[in-house]
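Observations on chain architecture
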There are 2 protein chains.
Amino acid sequence: MIKIAVDLLGADRSETELLKGVLTSLNNYPDLFVYALGNKEVLINALESEDYDKDRLEIIDAPEVITNFENPMDAIRTKPKSSMVMGATLCRDNDEVGAFVSCGATGGLMVSSMFLIRPLSPSVTPVLVCEFIKRDGKNICLSDCGANLENPPEKIVAFAKMGSAYMKAKGVENPAVRLLSNGAEEGKGTAKIKEAYNLLKETNLNFKGNIEGSTVLSSDADVIATDGFEGNVLLKTLECGANSVINDIYDYANTLEGKEKEDYIAFAHKLHKRYDYNTQGGAVLLGVKKPVIKGHGAATAETMESIIKIAHTLVKNNVVDKIKAEFSL
Amino acid sequence: MIKIAVDLLGADRSETELLKGVLTSLNNYPDLFVYALGNKEVLINALESEDYDKDRLEIIDAPEVITNFENPMDAIRTKPKSSMVMGATLCRDNDEVGAFVSCGATGGLMVSSMFLIRPLSPSVTPVLVCEFIKRDGKNICLSDCGANLENPPEKIVAFAKMGSAYMKAKGVENPAVRLLSNGAEEGKGTAKIKEAYNLLKETNLNFKGNIEGSTVLSSDADVIATDGFEGNVLLKTLECGANSVINDIYDYANTLEGKEKEDYIAFAHKLHKRYDYNTQGGAVLLGVKKPVIKGHGAATAETMESIIKIAHTLVKNNVVDKIKAEFSL
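A few points on the structure. Since we're looking at a predicted model, the values are computed, not measured. (Residues numbered from 1 in each chain as written. Chains lettered and ligands numbered in written order. Predicted model: local features only at pLDDT ≥ 70, side-chain atom pairs only at ≥ 80, totals over all residues. Heavy atoms only, no water.)

1. Side note on the overall build of chain A
- In terms of regular secondary structure, chain A is built from 12 helices and 11 strands.
- For chain A, the C-alpha radius of gyration of 20 Å lies close to 20 Å, the compact-globule estimate for 329 residues.
- Overall size of chain A, expressed as C-alpha extent along the three principal axes, is 60 × 60 × 40 Å.
- Looking at the 329 residues of chain A, the share that counts as buried comes to 59%.
- Long-range pairs, those at least 24 residues apart, make up 72% of the contacts in chain A between residues at least 6 apart in sequence.
- Accessible surface for chain A amounts to roughly 13,200 Å². Of this, 47% is attributable to carbon and sulfur atoms.
- Side chains of chain A give 37 positive and 46 negative charges; the mean places of these two sets differ by 4 Å. (Helix = DSSP H or I, 4+ residues; strand = E, 2+ residues; numbered from the N terminus. Rg over C-alpha atoms; globule rule 2.2 N^0.38 Å. Buried < 20%, exposed > 50% of the residue type's maximum accessible area, 1.4 Å probe, protein only. Contact = heavy atoms within 4.5 Å. Areas by Shrake-Rupley, 256 points an atom, 1.4 Å probe, with all protein chains shown as cover. Lys, Arg positive; Asp, Glu negative; His and termini not counted. Charge placed at Lys NZ, Arg CZ, Asp CG, Glu CD.)

Here it is, written out as structure tokens:
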């Protein structure tokens with residue numbers, strides 16, 4: 001059985017809305033067991049009219065909410081009955097729980113993960129990875145996407161290793177790793193990037209060299225290794241460029257009428273979905289004892305379903321063991 | 001008279017093709033005088049059938065070419081008769097020449113500019129700026145876009161000042177400056193960015209705070225100040241995101257037929273032109289004694305026309321004096 005903890009609070013939408021994603025997931029995966037955290041009374045009420053396998057869902061009463069408007073450290077201390085703290089604590093205390101899923105406050109989730117679930121080892125700096133779809137339809141993983149802003153070259157190598165282990169767990173054999181720089185050629189980049197390049201060559205990773213911003217959607221890479229500041233710039237700017245053109249399509253559609261207008265709008269909708277990395281999937285914190293999957297605050301039941309899918313895959317394919325192997329832990 | 005030096009060699013297209021952009025520019029601006037550098041015989045032959053004001057075009061024989069395939073330092077030493085070296089030397093020696101325009105090898109142009117035209121003062125690190133179009137139709141200037149990879153906070157402030165002076169010369173009153181970071185709030189960013197933030201607050205610039213990648217096309221900023229590595233990631237990734245969606249439109253168009261197909265293709269062409277920052281405009285090196293406008297290697301006559309327009313504007317509006325004022329030189 002694949003057991004995961006799911007925090008249903010702290011997102012824009014209600015816990016009962018997100019619960020629907022949990023129920024669909026239970027239907028999708030006969031080997032999935034979910035500990036759902038939220039207001040028990042509300043959830044039990046919502047479940048009354050639902051058809052699901054009662055042996056694979058346990059509701060844990062955790063009615064407090066940690067928000068984006070409070071200091072995360074204070075919040076995890078003062079809200080022991082919050083869904084986030086109780087979920088992370090469950091991951092810590094119950095060996096059978098393999099992953100934690102939440103669409104709640106980012107700061108609170110990061111702090112809960114670091115201080116309750118804990119890093120795999122004192123030498124491992126957990127990394128936040130996310131995926132986006134390349135033009136060939138394959139996914140590429142960005143590691144780090146903004147959790148760790150400034151790191152020495154050795155840490156960027158560690159981010160590359162965790163990104164590679166992640167893509168292996170997602171089914172990619174021998175993931176190709178590239179290092180974000182200002183040009184594709186060896187020797188491009190800051191002193192830090194040049195040193196990371198040299199260190200990456202010495203690893204067992206399938207390191208293919210540098211990648212520049214212009215080719216992130218068309219490269220052979222499965223993993224982009226980067227420090228978090230640049231990774232954050234990359235992720236957000238990529239969405240900005242794509243969304244701008246998608247908005248141009250909407251603007252153009254609004255100058256048209258009838259079927260022609262509808263066609264352009266339908267096309268823009270489809271593209272919007274493809275390039276909306278935030279609400280489609282989730283960012284994953286790796287390097288902690290259980291992977292933590294962070295869905296967007298604007299998550300829908302569908303988003304919940306897609307991030308539970310990630311959690312299911314990562315637990316089933318032992319991402320934590322794969323990371324341990326990279327670091328010989 | 002606005003006098004500029006134009007290097008016609010080293011681009012993908014022939015000097016006679018690029019010369020056409022010069023002739024159109026001479027027609028556009030009655031106060032423009034161009035020193036055109038290239039193979040004199042070839043250019044004179046090409047001019048025979050052309051109608052232009054002979055008093056405002058001087059051909060300078062500079063038949064050697066500096067390419068991307070040679071060491072720039074060696075090239076400027078061993079090719080004194082190259083269009084690039086002779087153009088930069090003309091800028092150095094002739095006070096009346098206000099700017100240098102070239103679509104030749106980037107490395108050669110940067111080295112020629114730094115060693116022949118020279119920085120405004122030993123304390124000024126020249127910066128490479130470029131512009132792109134925001135969703136509101138206004139231009140935004142990225143300073144630095146990749147010439148200076150890693151700099152202390154004080155240099156990022158200097159890039160902000162030069163970007164602001166540039167936008168002033170382009171007609172923007174009191175340009176709004178923002179600092180690239182991983183979030184909009186004060187306190188976001190690396191130690192370097194936080195320090196640059198504090199320093200920017202102390203300047204006379206119209207500093208509006210941080211900007212993140214997601215809003216570069218929708219912000220109130222006229223200038224994005226950034227270190228070159230992140231600026232390069234931003235610029236290239238923005239194009240990547242936009243181009244990917246534009247290619248999706250072409251792909252979709254190819255599943256259609258007749259007028260519908262033509263409409264989608266025409267629409268994609270229009271967008272391609274808008275988001276193709278490389279071939280539309282040029283990057284501008286500021287902080288040297290004369291501004292240097294670098295057009296893309298794939299420049300057409302039309303590109304040449306658009307970068308001569310930039311040169312004309314910058315000289316006419318005294319961008320160099322505006323920069324000197326920022327640094328109290």
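2. Observations concerning the packing of helix α1 (residues 15-28) of chain B against helix α11 (residues 301-316) of chain B
Residue and element names in this part refer to chain B.
- Interaxial distance between α1 and α11 falls to 7 Å at its minimum, and their mutual angle equals 45 degrees. Between α1 and α11, the angle is such that the two are oblique. Handedness of the crossing formed by α1 with α11: right-handed. Residue-level inspection shows E17, L18, K20, G21, V22, T24, S25 and N28 of α1 in contact with α11, the latter providing A301, M304, E305 and I308.
- Partitioned by chemical class, the residues of the contact of α1 with α11 number 5 nonpolar, 4 polar and 3 charged. (Axes fitted to C-alpha atoms, helices over the stretch in contact; angles between N-to-C directions. Parallel < 35°, antiparallel > 145°, perpendicular 65-115°, else oblique. Left-handed = near helix turned anticlockwise from the far one by under 90°. Nonpolar A, V, L, I, M, F, W, Y, C, P; charged D, E, K, R; others polar.)

3. Re the relation of the copies chain A and chain B
- Note on the copies: chain A fits chain B at an RMSD of 0.1 Å, the axial shift is 0.0 Å, and the rotation between them is 180 degrees. Read as a symmetry element, the transformation amounts to a two-fold axis.
- A share of 100% of the interface residues of chain A reappears at the interface of chain B, consistent with the copies meeting face to face through the same patch. (Least-squares fit on C-alpha atoms with pLDDT ≥ 70 in both.)

4. Some details on the interface of chain A and chain B
- Between chain A and chain B, the residue contacts involve 42 residues of the former and 42 residues of the latter.
- Linking chain A with chain B are 16 residue pairs in polar contact (both at pLDDT 80 or more), by the criterion used here.
- Mapped by element, the contributors of at least two residues to the side of chain A that touches chain B are α7 (191-201), α8 (228-253) and α9 (258-275) of chain A.
- With 19 residues, the single largest contributor to the side of chain A that touches chain B is α8(A).
- The class makeup of the residues in the side of chain A that touches chain B is 20 nonpolar, 12 polar and 10 charged. (Polar contact = N/O pair within 3.5 Å; in protein donor to acceptor, adjacent residues only side chain to side chain.)

5. Side note on helix α12 (residues 319-326) of chain A
All names here are of chain A.
- Among the residues making up α12, those that are buried are V319, V320, I323 and E326. Mapping the buried residues of α12 onto a view down its axis gives an arc of 115 degrees, with all of them on the same face.
- Tucked into the core, α12 has its buried residues touching α6 (153-169), β10 (282-286) and α11 (301-316).
- Downstream of α12 by one or two residues, S328 has phi in the positive range, about 50 degrees. (Arc of directions from axis to C-beta.)

6. Details of the packing of α6(A) against α7(A)
Residue and element names in this part refer to chain A.
- Where α6 meets α7, the axes come as close as 8 Å, and the angle between the chain directions of the two elements is 50 degrees. Our classification of the angle between α6 and α7 gives oblique. In the crossing of α6 with α7, the sense of the turn from one axis to the other is right-handed. On the side of α6, the interface is formed by P153, E154, I156, V157 and A160, while α7 contributes K192, I193, E195, A196, L199 and L200.
- Broken down by class, the residue content of the contact of α6 with α7 amounts to 8 nonpolar, no polar and 3 charged.

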